[in-house]
Amino acid sequence: MNEESGEYRIGESDRRILGALQADATLTLKQLAEAVAMSPSTVWRRVQDLEAAGVITGRVTLLDPARLGLQVCVFVHVNIRDHRAETREAFERFVQGRPEVMECFSITGAHDYMLIVRTATVAAFEDFLMHALLAQPAVAAAASNFTLRQQKYTTALPL
């Protein structure tokens, strides 16, 4: 761990383990060990160390939003009323509680936050926008961009 930056330094064996897990988190310990050409006990220890260090933060199943009827994807740029800590915290609590908000970033530039929102229909997005997001006291304004098509999607980090 680099104390100054908080960055965890990984070696080549960790890269192989992380790459294999990013490709398929359902691998058994035996399959993972075979994939990275290491012993199961060594792989188990390395995975435990990576989890303890916060490098591995969880394991999930990825779902296809379109197949589940969540075909509308919108980038929403949000400006908050002011930049006091309580305003930011109230907005961030609101976002945490909204299942249609997939991701939230505080950003630089003309807007304060960018959200990625998924809904089943444009009407469902309008309902979220008008009755939830813009009704939030912390929110001053929002601008939306509807996606037309997704050209790339990955959750795998470049190691």
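All of these numbers come straight from a predicted model, not from anything done at the bench. (Residues numbered from 1 in each chain as written. Predicted model: local features only at pLDDT ≥ 70, side-chain atom pairs only at ≥ 80, totals over all residues. Heavy atoms only, no water.)

## Considering the packing of aromatic side chains
As enumerated under the stated definition, the model contains five aromatic pairs in all. Each ring, one from Phe 94 and one from Phe 128, has its centre 6.5 Å from the other, and the planes form 15 degrees; the classification is stacked. One end of the pair, Phe 94, is in helix H4 (residues 85-96); the other, Phe 128, is in helix H5 (residues 122-133), with 34 residues separating them in the sequence. A single burial state applies to Phe 94 and to Phe 128, both of which are buried. Every member of this aromatic cluster is reached through a ring pair, and the members are Phe 91, Phe 94, Tyr 113, Phe 125, Phe 128 and Phe 146. (Phe/Tyr/Trp six-rings, centres within 6.5 Å; stacked < 30°, edge-to-face > 60°. Helix = DSSP H or I, 4+ residues; strand = E, 2+ residues; numbered from the N terminus. Buried < 20%, exposed > 50% of the residue type's maximum accessible area, 1.4 Å probe, protein only.)

## Here's the deal with the pairing of strand S2 (residues 101-106)
The pairing of S2 with strand S3 (residues 113-119) spans five bridges and is classified as antiparallel. Within S3, the residue paired with Ser 106 across the bridge is Tyr 113. (Pairing = 2+ DSSP bridges.)

## Considerations on the pattern of salt bridges
Opposite charge on two side chains allows them to pair when their charged atoms are near. Per the stated rule, a full pass over the model turns up eight salt bridges. The salt bridge partner of Glu 7 is Arg 9, with a shortest N-O separation of 3.5 Å. Note on Glu 7: relative accessible area 42%, which makes it partly exposed. When salt bridges that share partners are traced, they join Asp 14, Arg 46 and Asp 49 into one network. (Salt bridge = Lys/Arg side-chain N within 4 Å of Asp/Glu carboxyl O.)

## Side note on H4
For H4, which comprises twelve residues, the first-to-last C-alpha distance of 16 Å matches the rise-based estimate of 16 Å (1.5 Å per residue) to within 8%. In this structure, the buried side of H4 is in contact with strand S1 (72-80), S2, S3, H5 and strand S4 (139-146). (Expected span 1.5 Å × (residues − 1). Contact = heavy atoms within 4.5 Å.)

## A word on a nonpolar patch on the surface
A cluster of nonpolar side chains, namely Val 60, Leu 62 and Tyr 153, defines an oily patch on the protein surface of about 360 Å² accessible area. You can call Val 60 exposed: its relative accessible area is 65%. (Patch = residues over 30% accessible without salt bridge, like charges linked within 9 Å, V, L, I, M, F, W, Y side chains within 5 Å. Areas by Shrake-Rupley, 256 points an atom, 1.4 Å probe, with all protein chains shown as cover.)

## Considerations on the sheet that holds S2
Judged by pairing direction, the sheet is antiparallel, and its four strands sit side by side in the order S2-S3-S1-S4 without closing on themselves. Two strands bound the open sheet, and with one partner strand each, they are S2 and S4. This sheet shows a mean twist of 20 degrees between the axes of neighbouring strands, independent of strand direction. In this structure, S1 lies alongside S3, joined through seven bridges in antiparallel fashion. Its bridge partner lying in S3, Phe 75 is registered against Ile 116. Contacts from H4 reach S1, S2, S3 and S4 within the one sheet, and its direction differs from that of S3 by about 20 degrees. Where H5 meets the sheet, it contacts S1, S2, S3 and S4, and its direction lies at approximately 165 degrees from that of S4. (Axes fitted to C-alpha atoms, helices over the stretch in contact; angles between N-to-C directions.)

## What to know about the packing of helix H2 (residues 29-36) against helix H3 (residues 40-52)
Relative orientation of the contacting elements H2 and H3 amounts to 100 degrees, with a least axis distance of 9 Å. One finds that H2 runs roughly perpendicular with respect to H3. Note on element contacts: H3 touches H2 through Pro 40, Val 43, Trp 44 and Val 47, opposite Leu 29, Leu 32, Ala 33 and Val 36. (Parallel < 35°, antiparallel > 145°, perpendicular 65-115°, else oblique.)

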